[in-house]
Amino acid sequence: MYRVVCSKSSSSITDYYNNKYPSAESQNIEALFRYSAYNPQQIERHKKLFVDGWLFHNLPCNFNDPFEFKPKLNWPERKSIEESGLILDLTAYHQLFHRTLSEPNTKQLLRDKSIQGKLKRCVIEAYQSLRVCCFTTSHENPLSWAHYADSHRGYCVKFSGRGKVASQARRINYTDNYPELTFPLITQMVKFLGPMLSKSKTWEYENEYRSIFNPNHERDIKSHIELTQNIDLLKV
């Protein structure tokens, strides 16, 4: 029989990610800022922000960096802790559908190379379906004005760091390492935060925070609607 071994408890994993990608609220951030170009063809989007109080969240495919939200999924080596984590995930997945995963079935799944490709595609598709709103901690960065506010012809909006959306935005971790995912994942969902909140050090000047939600989750949608309708818009 397989023996499932986990290197860290779920609580320690959660603590690790909370410390690595802290929220604006936990950092006592007083205000976050969002730069934008003014495009007359998108007047409805500007109206939604300034009149109706809706905060636009973009798709990752529209980001400047084409490598974002496309993590490397490391397939585990035989008899490694990560392989035990993958087995744990497969078992949990089958239990969701009230099925039992036997040892022979597990061995067959681990040998099936097509499973690797399917899992990788599913992970990338899940990331690319997320919605993201990006903030920064300064309204005086000339590079941000140039890159995100139409070469200083756009605008910058100030949001209260205590607002329901901005307070929960997470700080980006800038690193020279390409984002990777290791098993287990299903049983340690917090790991999915890493690739959402990691960027190359090239972008470190942005000092970015992100609000993220999943439009495919009904509970997330309800929460997001409540949040975006009650954002604290302080100053243009």
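Everything numeric in this text was worked out from a predicted model, so none of it was measured. (Residues numbered from 1 in each chain as written. Predicted model: local features only at pLDDT ≥ 70, side-chain atom pairs only at ≥ 80, totals over all residues. Heavy atoms only, no water.)

Further remarks concern the pairing of strand S4 (residues 155–160). In terms of burial, S4 is a largely internal element, 5 of the 6 residues being buried. The sheet contact formed by strand S1 (residues 31–36) and S4 spans 6 bridges and is antiparallel. Paired with Phe 33 across the two strands is Lys 158, which belongs to S4. (Buried < 20%, exposed > 50% of the residue type's maximum accessible area, 1.4 Å probe, protein only. Helix = DSSP H or I, 4+ residues; strand = E, 2+ residues; numbered from the N terminus. Pairing = 2+ DSSP bridges.)

Turning next to the nonpolar core. Counting 25 residues, the largest nonpolar core has Phe 69, Tyr 127, Leu 181 and Met 196 as its most contacted members. Among the secondary structure elements, those contributing two or more residues to this core are helix H1 (10–20), helix H3 (81–96), helix H5 (113–128) and helix H7 (193–196). One finds Ala 24, Ile 29, Leu 49 and Ala 166 within the second-largest nonpolar core, a separate group that totals 14 residues. (Core = buried A, V, L, I, M, F, W, Y, C linked by side-chain atoms within 4.5 Å.)

Chain-level pLDDT for the protein chain is 82 on average; 81% of the residues reach the 70-or-more range. No element of the protein chain has a lower mean pLDDT than strand S10 (residues 233–235), which averages 36, and none a higher one than strand S5 (residues 170–171), which averages 98. Every residue in residues 1–7 is under pLDDT 50, and counting partners more than four places away or in other chains gives 15 contacts. A low-confidence stretch, residues 231–236 stays under pLDDT 50, and its non-local contacts, those more than four residues away or across chains, total 27 contacts. (pLDDT = per-residue confidence, 0-100. Contact = heavy atoms within 4.5 Å.)

Counted under the stated rule, the structure contains 9 aromatic pairs. Residues Tyr 35 and Trp 145 carry aromatic rings whose centres are separated by 5.1 Å and whose planes lie at 85° to one another, so their mutual orientation is edge-to-face. One end of the pair, Tyr 35, is in strand S1; the other, Trp 145, is in helix H6 (residues 142–148), and 110 residues separate them in sequence. Trp 145 matches Tyr 35 in its accessibility class, with the two residues each being buried. Over the face of the ring belonging to Phe 56 we find Arg 45, whose NZ or CZ atom lies 3.7 Å from the ring centre. (Phe/Tyr/Trp six-rings, centres within 6.5 Å; stacked < 30°, edge-to-face > 60°. Lys NZ or Arg CZ within 6 Å of the ring centre and 35° of its normal.)

The peptide bond linking Phe 183 to Pro 184 adopts the cis configuration, its omega dihedral lying at 5°. As for its position among the elements, Pro 184 is in the loop between strand S7 (180–181) and H7. Even without being a glycine, Asp 150 presents a positive backbone phi close to 55°. The topology assignment puts Asp 150 in the loop between H6 and S4. Here the phi dihedral of Ser 151 falls at roughly 55°; this positive angle occurs in a residue that is not glycine.

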